[in-house]
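Residues per chain, in single letters:
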Amino acid sequence: MMTQVPASEPDFTPLDDVFVRKHMGVPDIDVTGWTLAVEGLVERPLRLDMAAVLALGTERLPAFHECFGSPLAPDVPTRAVAQVEWAGVPLAALLDRAVPGAAARHVWFEGADSGSFQGQDGVTYVKDLPLDVARDDVFLAHRMNGWPLRAEHGFPLRAVVPRMFGTNSVKWLTRIVLADRRADNVFTTRFYTRVLPGDSVPSPVREVDVSSKWFVPGKVAAGKVDLGGRAWSTTEVVRVDVSVDGGPWEPASLAAPGSGPTWQRFSVTRELAPGAHVIRCRARDRAGRVQPLAGARNAVHEAGVEAGVEAVGEAEDRAEA
Ligand SMILES: Nc1nc2c(c(=O)[nH]1)N[C@H]1C(S)=C(S)[C@@H](COP(=O)(O)O)O[C@H]1N2
Ligand SMILES: [Mo]
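Residues numbered from 1 in each chain as written. Chains lettered and ligands numbered in written order. Predicted model: local features only at pLDDT ≥ 70, side-chain atom pairs only at ≥ 80, totals over all residues. Heavy atoms only, no water.

(A) Broad picture of the sheet that holds strand 15 (residues 219-221). If you trace the 5 strands from one edge of the open sheet to the other, you get 15-22-21-17-18, paired in mixed fashion. A single partner strand is all that each edge strand has here, and the edge strands are strand 15 and strand 18 (250-251). Of the pairings in the sheet, the one linking strand 21 (residues 275-285) to strand 22 (residues 301-308) comprises 7 bridges and is antiparallel in character. Directly across from His-277, in strand 22, lies its bridge partner Val-305. (Pairing = 2+ DSSP bridges. Helix = DSSP H or I, 4+ residues; strand = E, 2+ residues; numbered from the N terminus.)

(B) Just the environment of Gln-83, in detail. Tracing the backbone shows Gln-83 in strand 5 (residues 81-90). Residue Gln-83 is classed as buried on the basis of its relative accessible area, which comes to 0%. Separated by 112 residues in the primary sequence, Gln-83 and Val-195 place their C-alpha atoms 27 Å from one another. The contact partners of Gln-83, leaving out residues within four places of it in the chain, are Pro-10, Asp-11, Phe-12, Thr-13, Ala-63, Phe-64, Thr-262 and Trp-263. Within the structure, Gln-83 has its side chain in polar contact with the backbone nitrogen of Trp-263 (distance 2.8 Å). (Buried < 20%, exposed > 50% of the residue type's maximum accessible area, 1.4 Å probe, protein only. Contact = heavy atoms within 4.5 Å. Polar contact = N/O pair within 3.5 Å; in protein donor to acceptor, adjacent residues only side chain to side chain.)

(C) Looking closely at the side chain of Lys-171. Inspection of the secondary structure puts Lys-171 in the loop between strand 10 (158-160) and strand 11 (173-179). Here Lys-171 occupies a buried position and makes no salt bridge, while the nearest side chain of opposite charge, Asp-113, is found at 7.4 Å. Looking at Lys-171, its side chain comes within polar contact range of the main-chain oxygen of Glu-152, at 2.9 Å. Excluding anything up to four places from it in sequence, Lys-171 contacts Val-20, Arg-21, Gly-111, Ala-112, Glu-152, His-153, Gly-154, Leu-157 and Arg-158. (Lys, Arg positive; Asp, Glu negative; His and termini not counted. Salt bridge = Lys/Arg side-chain N within 4 Å of Asp/Glu carboxyl O.)

(D) Summary view of the side chain of Ser-212. Tracing the backbone through its elements, the reader meets Ser-212 in strand 14 (residues 211-214). Exposure remark for Ser-212: the relative accessible area of 1% places this residue in the buried category. Side chain to side chain, Ser-212 and Gln-291 meet in a polar contact 2.6 Å long. Beyond its immediate chain neighbours, meaning those up to four positions away, Ser-212 contacts Arg-79, Arg-230, Ala-231, Trp-232, Phe-266, Cys-281, Arg-282, Ala-283, Gln-291 and His-301.

(E) Spotlight on the state of the cysteines. Counting across every chain of the model gives 0 disulfides. In this model Cys-281 remains outside any disulfide bridge; the closest cysteine sulfur is found in Cys-67, 18 Å from its own. Cys-281 sits in the buried class, given a relative accessible area of 0%. (Disulfide = S-S within 2.5 Å.)

Below is the structure:
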């Protein structure tokens, strides 16, 4: 039977372990000369420096953060996922001041990075979202796990779009444009599009897929072993099944979802004989989506675990307790 345990406090990935993705390098930004423009179809265009951004107040947003993977290989799993406590201000606070015009339907987010990508020069990094989605979901972050954003993570300010793939979370943000149409940029219409199940035309890579990943050391002490991981989706994950050494799928114990866009822990305890083992995990969400067995970027995660007879650190402590 599926056992659901209460939601755990969100756990955060140490900054040194959070993946870094950059298509054109890391721009060197001096915050004293930096500004964020909010313009286009707005009644009151804004130009904010960091003091003006901070004056809007600071909220916290714990959220999982997942990279889609290479836009050139959309079916290859990368398993690049982290969980971060962002601090900053909801985009809505800026929109309330700028006042979008009646014709505004889309919001464009532009980063300060530019260069060449896939043989094309003069490329900039732009993503866009429908205005109603952007107003509800986009968060502008200047801190990560309590620290000012590191240069590689988008200093001094980046967008964060919870429950969407990381590609939407534009770093080194300098310009937000309200428009009546989508942005025409290689990263909005050429790369990062995919045909979703049941569709015939590609749509932009936005909402994450249901997924799960083992967080287990490669080596453990043989015997009773706690195997744990994390599962996430756009909605609640309602079940995670695990299979050990090709055995039957059996339900793991799963933490209830938190109140925000955070991942959920799952775990099972299994007796592992000395030797090599293969463990697999598979999540299902409230919408009925299940991770495919293979051939998709969110295919079930398979991990290898080596169970040793020599006790490893933690297990040794347990033996003495
Ligand atoms: N300006 C800009 N923003 C960007 C990118 C980029 O290359 N330039 N890469 C995107 C991608 S693909 C991902 S997965 C996330 C990664 O954020 P991180 O490097 O802080 O983990 O940033 C996104 N935002
Ligand atoms: Mo990414």
